[in-house]
Amino acid sequence: MAATPHVSPTLSRYKFFSTSAVENPNFYPHQIIESRRRKSTKPHLQAQHSNSTNISYGPRTTTELASSKKLWIRQTETEQGQIEEEEEEEELEDSDDEASLLSLSIKPDRNMALLDDYEMEELGHAPPDTNHRSGYVAVVGMPNVGKSTLSNQMIGQKISIVTDKPQTTRHRILGICSSPDYQMILYDTPGVIEKKMHRLDTMMMKNVRDAAINADCVVILVDACKTPANIDEVLKEGLGDLEKRPPMLLVMNKKDLIKPGEIAKKLEWYEKFTDVDEVIPVSAKYGHGVEDVKEWILSKLPFGPPYYPKDIVSEHPERFFVAEIVREKIFMQYRNEVPYACQVNVLSYKTRPAAKDFIQVEVVVDKNSQKIILIGKEGKALKMLATAARLDIEDFLQKKVFLEVEVRVKENWRQDEGLLKYYGYGGQIRAM
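Model, not experiment: these values are computed from the prediction. (Residues numbered from 1 in each chain as written. Predicted model: local features only at pLDDT ≥ 70, side-chain atom pairs only at ≥ 80, totals over all residues. Heavy atoms only, no water.)

A. Molecular detail of the nonpolar core. Ranked by internal contacts, the top residues of the largest apolar core, which has 41 residues, are Val218, Ile220, Ile231, Leu250 and Met252. Looking at this core element by element, the count peaks at seven residues for helix α5 (residues 199-214). In this structure, this core is formed jointly by two domains, domain 1 (101-300) and domain 2 (318-430), each of which donates at least three residues. Residues within four places of Ile220 in sequence aside, it is in contact with Val140, Ile231, Val234, Leu235, Met248, Leu249, Leu250, Val251 and Val276. (Core = buried A, V, L, I, M, F, W, Y, C linked by side-chain atoms within 4.5 Å. Buried < 20%, exposed > 50% of the residue type's maximum accessible area, 1.4 Å probe, protein only. Helix = DSSP H or I, 4+ residues; strand = E, 2+ residues; numbered from the N terminus. Domains from an automatic or database assignment. Contact = heavy atoms within 4.5 Å.)

The following block contains the structure:
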């Protein structure tokens, strides 16, 4: 058996380019928050005098002292102005940082604010559609019951990653399903976790509850292949203590895997022993019953104009989906605990008109042993991962890209609340 390659724990990153893997021991770890270094604001009156050819080290006259005092005052005023300018620049940078964050917990204003002057003028000459419906839908359930598959089917394209492993979805994915008569905004949420092992699990469940707070209705998924069970735990973790509970639909997914007689019995059980408004069996994988789910949701959405332009399917930026694609490939290629220990971040996304777009991605893991597994012997495993991810990214973006993947170790990142918020688990993601 070949010896396992040794990777030094001090090695800060392992790069994969399109043709080779390169170690760079001189690279310093990427810092999340880089402190801003101020220029020195201390007066340098003595240093300025030392540059003069006429320096007197003896007692100075009153005129000399007055001249020095005026010079010191002028310099102090100048430096005070520089300090104020720097503080204003920092305030602008802070406001820019806040503006670049996209909240996943606050409903936007109706899309009147998103229309340009021409569209506003056109809309002003047309009567509003009083029959148009729009609203938010929270899709909740235990891990691996098909929430992301159902959301993708309803939207009509893949925006949530899907694997056969539980707890693939970590973020609350906002998907938009539009037609001339309606707009439903779907929150595809992480699977409900009963036993929370890390701070990450707790923050993920808070995001699920936040989605339910905004929802006009809730879709609860269960696995039709399993014995019917009480959904109280899903409701407790997924909805929390809502004063007014929204309309709820229970969806029995994977009906294609069981006999019709079993479906009828399980449907009857859920109708009798759960406090939901309706139960619909579906096969999200093949699209069977999805239109019935849509019709139920539309009957519960309030009348009103759309929240978003009709030609977009998500408010998330492209770099978010790039990271999700890489994470999906990790789940598909690796086993055991490795996929769950990985966090994928897009460090750089540069559009280059005369060349392929450049995308730099980091994969953060808990331990050096996980890093060794990700890289593989002679970097072959990482090369396979990067190639698979690049092909899907190019298909998603409809353009050629140059993908660089790095692996870094940040011990116990799943317990670090500051890092988790920066990674987008605090209810906000970076819009750029």
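B. View of the pattern of salt bridges. As enumerated under the stated definition, the model contains 14 salt bridges in all. A salt bridge links Arg327 to Glu324, with the nearest nitrogen and oxygen atoms 3.2 Å apart. Residue Arg327 and its partner Glu324 are located together in helix α9 (residues 318-333), separated by three residues, close to a single helical turn. Accessibility expressed as a relative area gives 2% for Arg327, which makes it buried. By relative accessible area, Glu324 is classed as buried at 6%. (Salt bridge = Lys/Arg side-chain N within 4 Å of Asp/Glu carboxyl O.)

C. Representation of a negative patch on the surface within the structure. Side chains of Glu268, Glu271, Asp277, Glu278, Glu291, Asp292 and Glu295 sit close together on the surface and give a patch of like negative charge. Mapped onto the negative patch, the elements with two or more residues apiece are α7 (260-273) and α8 (290-300). The leading source of residues in the negative patch is α8, at three residues. Within the secondary structure layout, Glu268 lies in helix α7. On the basis of relative accessible area, Glu268 is assigned to the exposed category, the value being 53%. (Patch = residues over 30% accessible without salt bridge, like charges linked within 9 Å, V, L, I, M, F, W, Y side chains within 5 Å. Areas by Shrake-Rupley, 256 points an atom, 1.4 Å probe, with all protein chains shown as cover. Lys, Arg positive; Asp, Glu negative; His and termini not counted. Charge placed at Lys NZ, Arg CZ, Asp CG, Glu CD.)

D. Looking closely at unusual backbone geometry. The phi dihedral of Gln398 falls on the positive side, at around 60°, and the residue is not glycine. With a phi angle near 55°, Asn412 is a residue other than glycine that sits in the positive phi range. Within the secondary structure, Asn412 is located in the loop between β12 (401-409) and α12 (417-422).

E. Quick look at the sheet that holds strand β4 (residues 133-141). Taken in spatial order, the six strands of this open sheet run β5-β6-β4-β7-β8-β9, and their pairing is mixed. One side of each edge strand has no neighbouring strand; the edge strands of this open sheet are β5 (173-179) and β9 (278-281). Neighbour to neighbour, the strand axes of the sheet diverge by 25° on average, direction disregarded. Sheet topology places β4 next to strand β7 (residues 217-223); five bridges connect them, and they run parallel. The residue bridging Val140 from the neighbouring strand is Ile220, located in β7. Where helix α4 (residues 147-155) meets the sheet, it contacts β4, β5, β6 (182-188) and β7, and its direction lies at approximately 160° from that of β6. (Pairing = 2+ DSSP bridges. Axes fitted to C-alpha atoms, helices over the stretch in contact; angles between N-to-C directions.)

F. Structural view of the pairing of β4. Of all nine residues making up β4, eight are buried, and the element is well covered by its neighbours. Strand direction decides the pairing type here: β4 and β6, joined by seven bridges, are parallel. Residue pairing across strands places Arg133 opposite Tyr182, the latter belonging to β6.

G. Looking closely at the packing of α4 against α8. At their nearest, the axes of α4 and α8 sit 10 Å apart, and the two run at 80° to each other. Taken together, the axes of α4 and α8 lie roughly perpendicular to each other. Counted together, Leu150, Gln153 and Met154 of α4 and Val290, Val293, Lys294 and Ile297 of α8 form the full contact between these two elements. Each residue belonging to the contact of α4 with α8 can be placed in one class, and the counts come to five nonpolar, one polar and one charged. (Parallel < 35°, antiparallel > 145°, perpendicular 65-115°, else oblique. Nonpolar A, V, L, I, M, F, W, Y, C, P; charged D, E, K, R; others polar.)

H. Geometry of the packing of aromatic side chains. Evaluation of the coordinates by the stated rule reveals 10 aromatic pairs. Ring geometry for Tyr136 and Tyr307: centres 5.2 Å apart, planes at 80°, overall edge-to-face. Of this pair, Tyr136 sits in strand β4 while Tyr307 sits in the loop between α8 and α9; the two residues are 171 residues apart in sequence, bridging distant segments of the chain. On the basis of relative accessibility, which here comes to 0%, the residue Tyr136 falls in the buried class. For Tyr307, a relative accessible area of 8% puts it in the buried group. Relative to Tyr423, the ring of Trp413 lies with its centre 6.0 Å away and its plane at 70°, an arrangement referred to as edge-to-face. Highlighted residues: Trp413 in the loop between β12 and α12 and Tyr423 in the loop between α12 and β13 (428-430), separated in sequence by 10 residues. Chaining the aromatic ring pairs together yields one cluster made of Tyr136, Tyr187 and Tyr307. Sitting above the plane of the Phe303 ring, Arg133 keeps its charged end 4.0 Å from the centroid. (Phe/Tyr/Trp six-rings, centres within 6.5 Å; stacked < 30°, edge-to-face > 60°. Lys NZ or Arg CZ within 6 Å of the ring centre and 35° of its normal.)

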